[in-house]
Amino acid sequence: MIKKTKIIATLSDQRSDEDFLKELFDNGVNVVRINTAHQDIIGAIGLVERVRRVNDKIALLIDTKGPEVRTSPFGQTEIKQNQLVYVIGDPTKETINDTIYVTYSEIHKYLTKGDSILIDDGEIELKITNIIDNRIECIVLTDGIVKPKKGVNTPNIDLPLPTVSEKDKIFIDFAIKNKLDFIAHSFVQKASDIIEIKEILEKAGSPIKVIAKIENKSGVDNIESIIEVSDGIMVARGDLGIEIAAEKIPIIQQEIVQKCIKHKKPVIIATQMLHSMITNFRPTRAEISDVATAIFERADAIMLSGETAFGKYPIEAVKTMTRVAVEIENTLNHPPFPKDEIEPTITSTLCQAAIMTASMHNIKTIIADTTSGRTCRYLSALRGKNEIFAMCYDSTVMRQLNLSYGIIAFNINITVSRDRFLKDAVKNVVRKKNIDPNDKVLILGGSFGRNHGATFIEIATPEQILIGPCI
């Protein structure tokens, strides 16, 4: 089954043997995500090495921890409704009895009586009743166990945390040295948060793409400027659903997907997509509908978190997503975007012409060469019905395009002529896919070498191209 929607699987070094990785890839995983909130450098290195041994097409994405607050890494306590508890900012202390320690030492300076504190994706809610020095007195609204390293949210309160933590800097350096493909920056509130990461990468000469994780109200409010400077967006609905009323999340999700497609930036829908499959063999109908909605909206990628990181049924979760993607994609209509959505450049005009021509003449496959990935991202953003085979001259670009809707990317040698490119490209597609010799393919390429952009469209059968002259 060939699907157009990509799947991201979150993995841990505790479950990443090569047989397991190969099975994930064979069943539809395109990108492996490493969550630095639960991973150390040594474990991450081993995971990266194993992924690359399994298949060089699997892209690697690493999350930064970002400007977040968590409960102390030490201790835990069970609390009951109407109980008085105290929240104190000190990451070195142990949570115990009625005292909860959190990692931000100055949290008391920015909260007031009546504010809420939410712990562990909102499972536990506290209401502030008083603040004395650095001691925040709260009444417990919901029972629960306060565990170590759980997220702490303060709805509608933007805490002045550093955009890039010291731990983030260590993992960014790790990503650069190990030539990862994406960095997903957590809790992005404004465009400058992304620019700060990009400046680090530019200084190091790294081609890593930066994905903005939208998981708070500020990120939603500033989405246009964030999209402009980002290489993609992740709608991280867990924390977002705590910051914003749950009934508004589907609307926000749809709007962000549409904006990203318009800007030709990949968009990922994340968090709890098949959450029940962490413990259950079968997903709920509601979860299937959630996955289907993201595909109906034409998101580039859907993401698994705990389902593959530590769940009991990781392979079945991936298979489920793949089946849903194929089923929904087969029902989608594919009208080209209106002309006013297309930038007035030669590349964008040719991409639009390619999608429309392929649709009108029942052409199944589009082949395009690309140096930076830009041409193929244009094609992807048009959300046509055709598979797009991207012929890449760089392995990093190949892996990065495996996050984009409808793209099947290959790495090819530098070609010396237009005719040689056509032959090499068609040979790659014929080898990877069962194409009838009389099937028409559409090739979008450039006649003037790499870095000069697309200049022509050619329509022919594989047989015509392979037996034709080669200069």
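You'll find the structure just up there.
Conventions adopted
- Residues numbered from 1 in each chain as written.
- Predicted model: local features only at pLDDT ≥ 70, side-chain atom pairs only at ≥ 80, totals over all residues.
- Heavy atoms only, no water.
- Helix = DSSP H or I, 4+ residues; strand = E, 2+ residues; numbered from the N terminus.
- Rg over C-alpha atoms; globule rule 2.2 N^0.38 Å.
- Buried < 20%, exposed > 50% of the residue type's maximum accessible area, 1.4 Å probe, protein only.
- Contact = heavy atoms within 4.5 Å.
- Pairing = 2+ DSSP bridges.
- Axes fitted to C-alpha atoms, helices over the stretch in contact; angles between N-to-C directions.
- Phe/Tyr/Trp six-rings, centres within 6.5 Å; stacked < 30°, edge-to-face > 60°.
- Lys NZ or Arg CZ within 6 Å of the ring centre and 35° of its normal.
- Patch = residues over 30% accessible without salt bridge, like charges linked within 9 Å, V, L, I, M, F, W, Y side chains within 5 Å.
- Areas by Shrake-Rupley, 256 points an atom, 1.4 Å probe, with all protein chains shown as cover.
- Salt bridge = Lys/Arg side-chain N within 4 Å of Asp/Glu carboxyl O.
- Arc of directions from axis to C-beta.
- Polar contact = N/O pair within 3.5 Å; in protein donor to acceptor, adjacent residues only side chain to side chain.

S.K.: Got a minute to help me understand the overall build of the protein in this structure?
M.R.: What the protein contains, in helices and strands, is 16 helices and 22 strands. What you see for the protein is a C-alpha radius of gyration of 24 Å, in line with the 23 Å of a compact globule of 471 residues. Overall size of the protein, expressed as C-alpha extent along the three principal axes, is 80 × 45 × 40 Å. Across the 471 residues of the protein, 56% fall into the buried class. Nonlocal contacts in the protein, meaning residues at least 24 apart in sequence, comprise 67% of its contacts between residues at least 6 apart.

S.K.: How should I be thinking about the side chain of D193 in this particular structure?
M.R.: Locating D193 in the fold gives a position in helix α4 (residues 191–204). Those residues in contact with D193, other than ones at most four positions away along the chain, are T163, H185, F187 and V188.

S.K.: Please explain the sheet that holds strand β14 (residues 209–214) as it appears in this structure.
M.R.: Sheet strands pair via backbone hydrogen bonds, and the direction of the pair is either parallel or antiparallel. Overall, parallel pairing links the 8 strands, which are arranged β1-β2-β3-β13-β14-β15-β16-β17 in a closed barrel. Adjacent strand axes in the sheet meet at a mean angle of 25°, parallel and antiparallel pairs treated alike. Two strands pair when backbone bridges link them, and strand β1 (residues 6–11) and strand β17 (residues 301–304) are joined in this way by 4 bridges, in the parallel orientation. Across the sheet, A9 pairs through a bridge with L304, a residue of β17. Seen against the sheet, helix α11 (residues 314–329) touches β1, β2 (29–35) and β17 and runs at an angle of roughly 160° to β17.

S.K.: I keep staring at the environment of I288 and nothing clicks. Help me out?
M.R.: As for its position among the elements, I288 is in helix α9 (residues 285–296). Sequence-wise, I288 and K109 are 179 residues apart; in three dimensions their C-alpha atoms are separated by 43 Å. Each residue touching I288, except ones within four places of it in the same chain, is listed here: P283, T320 and V324.

S.K.: Please explain the sheet that holds strand β9 (residues 124–132) as it appears in this structure.
M.R.: The strand order across the open sheet formed by 7 strands is β4-β12-β8-β9-β10-β6-β7, and the pairing between neighbours is mixed. Looking at the sheet topology across the chains shown, the edges are occupied by β4 (69–70) and β7 (99–102). For strand β6 (residues 84–89) and strand β10 (residues 135–140), the ladder comprises 5 bridges, and the chain directions are antiparallel. Residue pairing in the sheet places V87 in a bridge with I136 of β10.

S.K.: Before we go on, may I ask you to explain the packing of aromatic side chains in this structure?
M.R.: The geometry of an aromatic ring pair comes down to the distance between the two centres and the angle between the two planes. The full count for this structure, using the stated rule, is 4 aromatic pairs. Ring geometry for F171 versus F174: centroids 6.0 Å apart, planes at 80°, classification edge-to-face. You can see F171 and its partner F174 sitting in helix α3 (residues 166–177), 3 residues apart, about one turn around the helix. Judged by relative accessible area, which is 4%, F174 ranks as buried. With centroids separated by 5.7 Å and ring planes inclined at 5°, the aromatic side chains of F389 and F410 adopt a geometry described as stacked. In this pair, F389 is assigned in strand β19 (residues 387–392) and F410 in strand β20 (residues 407–411), connecting sequence segments 21 residues apart. The same class applies to F389 and to F410, which are both buried. Cation over ring: R135 sits above Y86, and NZ or CZ is 4.1 Å from the ring centre.

S.K.: Would you explain a nonpolar patch on the surface in this entry?
M.R.: Together, V430, L466 and I467 make up an exposed nonpolar region whose accessible area comes to about 260 Å². Secondary-structure assignment places L466 in helix α16 (residues 462–467). Take L466: its relative accessible area is 34%, and that puts it in the partly exposed class.

S.K.: When you look at helix α1 (residues 18–26) in this model, what are you seeing that I'm missing?
M.R.: If you check which residues of α1 are buried, you get F20, L21 and L24. Seen end-on, α1 carries its buried residues on one side only, within an arc spanning 100°. Turning to α1, the residues buried within the fold contact β1, β2, α2 (41–54), α10 (306–309) and α11. At the N-terminal end of α1, a side-chain oxygen is found 3.2 Å from the backbone nitrogen of D19, two or three residues along, and the residue is D17.

S.K.: How should helix α13 (residues 374–381) be read in this particular structure?
M.R.: Residues that lie three or four places apart on an α-helix share one face, since the helix turns once every 3.6 residues. Among the 8 residues in α13, 7 count as buried, and that is most of the element. Within α13, the full set of buried residues consists of T375, C376, R377, Y378, L379, S380 and A381. With its phi angle positive at about 50°, R383 sits one or two positions after the end of α13.

So, to be careful, I would describe these as geometric facts and stop short of saying anything about function.
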